[in-house]
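Per-entry structural report
Below are the chains, spelled out letter by letter.
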2 protein chains.
Amino acid sequence: MIKPKKILKKKEFNLEEYAQGMTDGDIGMLGKAITLVESTKPIHQEFAQELLEHITAKTGKSIRIGITGVPGVGKSTFIERFGKYITSLGKKVAVLAIDPSSEEGRGSILGDKTRMENLSTDPLAFIRPSPTSGSLGGVARKTRESILLCEAWGYEVIMIETVGVGQSETAVHSMVDFFLLLMLSGAGDELQGIKRGIMEMADAIAITKADGENLNPSKIAASNYKRAIHLFPPKSNDWIPRVMHCSAQDNQGITEVWEIITTYINHCTLKGTFQEKRNDQAQFWLYESIQEQLGRYFHENEKVNKELTRLEKQVRLGKISPFVAANQLISLFHNS
Amino acid sequence: MIKPKKILKKKEFNLEEYAQGMTDGDIGMLGKAITLVESTKPIHQEFAQELLEHITAKTGKSIRIGITGVPGVGKSTFIERFGKYITSLGKKVAVLAIDPSSEEGRGSILGDKTRMENLSTDPLAFIRPSPTSGSLGGVARKTRESILLCEAWGYEVIMIETVGVGQSETAVHSMVDFFLLLMLSGAGDELQGIKRGIMEMADAIAITKADGENLNPSKIAASNYKRAIHLFPPKSNDWIPRVMHCSAQDNQGITEVWEIITTYINHCTLKGTFQEKRNDQAQFWLYESIQEQLGRYFHENEKVNKELTRLEKQVRLGKISPFVAANQLISLFHNS
């Protein structure tokens, strides 16, 4: 169970006040709206749903970018540089994060905002750390709803940061228009940690820290990945993932990432796949959300949960078939 | 809904008779047991579960191999050659298939057994076409249960065939010890159809039809894939996927595939990951099965299903948030 850091009273603000905060571009109100979405209190959830219904017409107008890479790849530095470039174009940018494994106190991916000091003090930027620990399904839902809130508040580019080591990439991939994978140069061991399957999701791979002595190895790595990508199955929208190198330190390759993204958006818009992908994603989230809620009711049943723990052990030991165990649990669920 | 081709009466055979058929290696009885598992009639399902419980101790002793590749890659020819090689070692081999999209009448992947004439008449071999159309979850469950039945009947190697174009590969991957991807030579367009993500699942890639004029291009393709695979994230069990070429026509490379598989099994056994992977898979199927059954109850509710169809359209059009729609459907489900 997730405890919101700050418990809001339902009546602290009403829908009209949130709408006014949205019109005024009041960042504090956006933060409060996200806290509502993140709260597990039924009364907050209910109000959050009303708020989301209220803003529906104002959503969908941003470019949603997923950014992943293992710790050490320089995600924060890249995002700060990239975010500053986007705000320099006069665009409002929001940075969200998904990190289901993070726990309150242990700090989320983004840690405190001091890791992105320049961006966090930029009036055109909004940075929000990952919701505190919870199930992936729950955290993913919250992030997706937060995207909608940021859009209603007028943010034009939304980045969703995740660590390339868990299942959260699949969730992020299914809520963004463009998926960027950050990697380090040096063949082989630097890949430790990047989960299999993530490379094939990427719309672009950027080799980071391509500066100083690392510039040449980065160029080599980029051309290796470029060749490898041609062996990958083609994407359904015919987009060939781009591979490039960049340096946040030397401020090199940052504008190129933005150019690749705009080229991609044009490509998809021309093909008619941009909106189609979003529609598919919305449908995907409908089914995911149904599954998540059905699962929640199941796991919230104490009797069922206790028996699940017992049967799970038996299943792992091969003492009972997973299907027989599932049948027993479903019967128990229906009878209690 | 799936209709078994032949409706068995529950009392046609009892548990003891099935057990006897198992001891006698009676292939007809194995076929009937699988038909029971495939049946959607509750009375058959119940009996199938009893049978599965009864045989639990006799399962788990085979090598389970997943084989995938797009239509035209020569899967049937490869499987027949490979199967014949395995039976020539004195081992009993079973071939199953997953093809959730196939419909009765339209024929399953394996089609009729005439496509594997030599193997299907081999007394050490058992070939079973894919269950007829149904949800992926349902078909996958049936295939997994069929694996257990084949093992109880003494089959030592079990191949599960699937077409590399849909979601079924992920399901197959989660029920086998070794995952083999068959591919054709010629860079680029031959990959049309192989789904993204499948390459990264493979424990080995075999370039098929490497004979005659196609031998050299196949060698080049193999060495390209070999290089590309080193750029992939390493597998958790430290296995480096093998890439090779083979020809079912010239009977080349068939024994090598078997050698790679036995090397792999030894590698995993030494690492202690062989049983661990199976335990993880069993646990995975427990959760999958719970989800599938919860989903089934939900979708079987006519009122809910009708509303789902309506809301799905609204969600795709962006008229309602997927989460709000899911909430409405869950409320409807609980109230009816």
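Residues numbered from 1 in each chain as written. Chains lettered and ligands numbered in written order. Predicted model: local features only at pLDDT ≥ 70, side-chain atom pairs only at ≥ 80, totals over all residues. Heavy atoms only, no water.

Notes on the packing of aromatic side chains
The geometry of an aromatic ring pair is captured by the separation of the ring centres together with the interplanar angle, meaning the angle of the planes. What counts here: Two aromatic rings, drawn from Phe, Tyr or Trp (for Trp, its six-membered ring), form a pair once their centres lie within 6.5 Å of each other, and the interplanar angle then sorts them: stacked below 30 degrees, edge-to-face above 60, tilted otherwise. Going along the chain from the N terminus, every DSSP run of H or I of four or more residues is numbered as a helix, and every run of E of two or more is numbered as a strand. A simple rule labels every residue: compare its accessible area, found with a 1.4 Å probe on the protein chains alone, to the largest value its type can have, and call it buried under 20%, exposed over 50%, or partly exposed in between. The rule for a charge over a ring is simple: NZ of Lys or CZ of Arg within 6 Å of the ring centre, and within 35 degrees of the ring normal.
Overall, the coordinates contain 20 aromatic pairs over all chains when judged by the stated rule. A ring pair is formed by Trp285 of chain A and Phe323 of chain B, whose centres lie 6.1 Å apart and whose planes are at 50 degrees; its orientation type is tilted. With Trp285 of chain A in helix 10 (residues 273-300) and Phe323 of chain B in helix 13 (residues 322-335), this pair bridges two chains. Using a relative accessible area of 3% as the deciding quantity, one classes Trp285 of chain A as buried. Taken together, a centroid distance of 5.0 Å and an interplanar angle of 80 degrees make the contact between Phe178 of chain B and Tyr264 of chain B edge-to-face. Of this pair, Phe178 of chain B sits in strand 5 (residues 178-183) while Tyr264 of chain B sits in helix 10 (residues 254-271), and the two are 86 residues apart along the sequence. Owing to a relative accessible area of 1%, Phe178 of chain B belongs among the buried residues under this scheme. Residue classification places Tyr264 of chain B among the buried residues on the basis of a relative accessible area of 0%. One aromatic cluster in this structure is built from Phe13, Tyr18 and Phe47 of chain A. Taking the ring centre of Tyr155 of chain A as reference, the NZ or CZ of Lys92 of chain A above it sits at 4.7 Å.

What about the domain arrangement of chain A?
Residue and element names in this part refer to chain A. Put simply, the test is: By convention here, the domain bounds are inherited from an automatic or database domain assignment. Contacts: residue pairs with any heavy atoms within 4.5 Å of one another. Throughout, buried area stands for the accessible area (probe radius 1.4 Å) lost by two parts on being put together, summed over both. Throughout this description, the term salt bridge denotes a Lys or Arg side-chain nitrogen within 4 Å of a carboxyl oxygen of Asp or Glu. A 3.5 Å cut-off defines polar contacts: any pair of N or O atoms within that distance qualifies, except that in protein one atom must be a possible hydrogen donor and the other a possible acceptor, and neighbouring residues in sequence count only when both atoms are side-chain atoms.
You can read the domains of chain A as domain 1 (13-58), domain 2 (60-101 + 109-271) and domain 3 (286-335). Contact residues are listed per partner, giving 22 residues for domain 1 and 17 residues for domain 2. Ranking the residues of domain 1 by area buried against domain 2 places Leu30, Ile34 and Glu38 at the top, with a combined share of 32%. Counting across the interface, domain 1 meets domain 2 through one salt bridge. A salt bridge links Arg128 to Glu38; its shortest N-O distance comes to 3.2 Å. One can count seven residue pairs in polar contact (both at pLDDT 80 or more) joining domain 1 with domain 2. Secondary-structure elements contributing two or more residues to the side of domain 1 that touches domain 2 are helix 1 (15-23), helix 2 (27-38) and helix 3 (42-55).

Let's talk about helix 6 (residues 136-152) of chain A
What counts here: To estimate how far a helix should reach, multiply one less than its number of residues by 1.5 Å.
Its 17 residues give helix 6 of chain A an end-to-end C-alpha distance of 24 Å, which sits within 8% of 24 Å, the value for a rise of 1.5 Å per residue. For helix 6 of chain A, a buried count of 15 out of 17 residues is recorded, marking the element as mostly surrounded by other parts of the structure.

Re helix 4 (residues 75-88) of chain B
All names here are of chain B. Taking 1.5 Å as the rise per residue, helix 4 with 14 residues should run 20 Å; its terminal C-alpha atoms sit 20 Å apart, in good agreement. All of the buried residues along helix 4 are Lys75, Ser76, Phe78, Ile79, Glu80, Phe82, Gly83, Ile86 and Thr87. Just past helix 4, the residue Gly90 takes up positive phi, approximately 85 degrees.

Focus: the nonpolar core
Operational definition: Among buried residues, those of type Ala, Val, Leu, Ile, Met, Phe, Trp, Tyr and Cys that are joined through side-chain atoms within 4.5 Å constitute a nonpolar core.
Counting residues in each nonpolar core, the largest one holds 104 residues, and the members touching the most others are Leu149 and Trp153 of chain A together with Leu149 and Trp153 of chain B. Apart from the residues within four sequence positions on either side, Trp153 of chain B is in contact with Tyr18, Gly21, Met22, Gly25, Asp26, Met29, Leu30, Ala33 and Lys92 of chain B.

Points about the interface of chain B and chain A
Counting residues at the interface gives 58 residues for chain B, matched by 58 residues for chain A. Buried surface at the junction of chain B and chain A, both sides included, amounts to about 5700 Å², of which 64% is carbon and sulfur. When the shortest N-O distance is used, the salt bridge between Arg316 of chain B and Glu276 of chain A registers 3.1 Å. Across the contact surface, chain B and chain A share 13 residue pairs in polar contact (both at pLDDT 80 or more).

Some thoughts on the relation of the copies chain B and chain A
Here is the rule: Least squares is used to superpose the copies, and the fit set is the C-alpha atoms of residues whose pLDDT is at least 70 in both copies.
Note on the copies: chain B fits chain A at an RMSD of 0.0 Å, the axial shift is 0.0 Å, and the rotation between them is 180 degrees. Put plainly, the chains are arranged around a two-fold axis. Mapped onto chain A, 100% of the interface residues of chain B are again interface residues, and the two copies thus contact each other with one and the same surface.

Quick notes on the sheet that holds strand 4 (residues 157-163) of chain A
Residues and elements named next belong to chain A. Inclusion rule: Here a strand pair is declared whenever DSSP counts at least two bridges between the two strands. The angle between two axes is taken between their N-to-C directions and runs from 0 to 180 degrees, where each axis is a line fitted to C-alpha atoms and a helix contributes only its stretch in contact.
The sheet built from seven strands is open, its strands ordered 3-2-4-1-5-6-7 with parallel pairing. Bordering the open sheet on either side are strand 3 (125-127) and strand 7 (242-245), each of which pairs with just one other strand. Between one strand axis and the next, the sheet turns through 20 degrees on average, direction left out of account. Note that strand 1 (residues 63-69) and strand 5 (residues 178-183) share four bridges and pair parallel. Within the sheet, the bridge partner assigned to Ile65 lies in strand 5 and is Phe178. Relative to the sheet, helix 4 (residues 75-88) contacts strand 1, strand 2 (93-98), strand 3, strand 4 and strand 5, its axis offset from that of strand 4 by approximately 175 degrees.

Here we look at unusual backbone geometry
Although it is not a glycine, Lys209 of chain A sits at a positive phi angle of roughly 55 degrees. For Lys209 of chain A, the location among the structural elements is in the loop between strand 6 (204-207) and helix 8 (215-231). The class of Lys209 of chain A is partly exposed, set by a relative accessible area of 38%. At Asp238 of chain B, a residue that is not glycine, the phi angle is positive and equals roughly 70 degrees. Within the secondary structure, Asp238 of chain B is located in the loop between helix 9 (215-230) and strand 7 (242-245). Judged by relative accessible area, which is 45%, Asp238 of chain B ranks as partly exposed.

Description of the packing of helix 2 (residues 27-38) of chain B against helix 3 (residues 42-55) of chain B
Residues and elements named next belong to chain B. Applied cut-off: Note that the term roughly parallel is reserved for angles under 35 degrees, roughly antiparallel for angles over 145, roughly perpendicular for angles of 65 to 115, and oblique for everything else. Should the near helix be turned counterclockwise from the far one by less than a right angle, the crossing is left-handed, whereas a clockwise turn marks it as right-handed. Think of it as three bins: nonpolar holds Ala, Val, Leu, Ile, Met, Phe, Trp, Tyr, Cys and Pro, charged holds Asp, Glu, Lys and Arg, and polar takes everything else, Gly as well.
Direction vectors running N to C along helix 2 and helix 3 enclose 125 degrees, while the axes themselves pass 8 Å from each other. In terms of orientation, helix 2 lies oblique with respect to helix 3. Between helix 2 and helix 3 lies a crossing of left-handed hand. Along the contact surface, helix 2 presents Ala33, Leu36 and Val37, while helix 3 presents His44, Gln45, Phe47, Ala48, Leu51 and Leu52. The residue inventory of the contact of helix 2 with helix 3, partitioned by class, reads seven nonpolar, two polar and no charged.

Some remarks on the pattern of salt bridges
Residues and elements named next belong to chain A. Under the definition given, this model contains 22 salt bridges over all chains. Where Glu307 meets Arg310, a salt bridge forms, and the shortest distance between an N and an O atom there is 2.9 Å. One end of the pair, Glu307, and the other, Arg310, are both in helix 11 (residues 302-316), three residues apart, so they sit about a helical turn from each other. Judged by its relative accessible area of 23%, Glu307 is partly exposed.

Looking at the side chain of Ser146 of chain B
All names here are of chain B. Here Ser146 is to be found in helix 6 (residues 136-152). With relative accessibility at 3%, the residue Ser146 sits in the buried group. When near neighbours in sequence (up to four residues on either side) are disregarded, Ser146 contacts Ile34, Val37 and Leu96.

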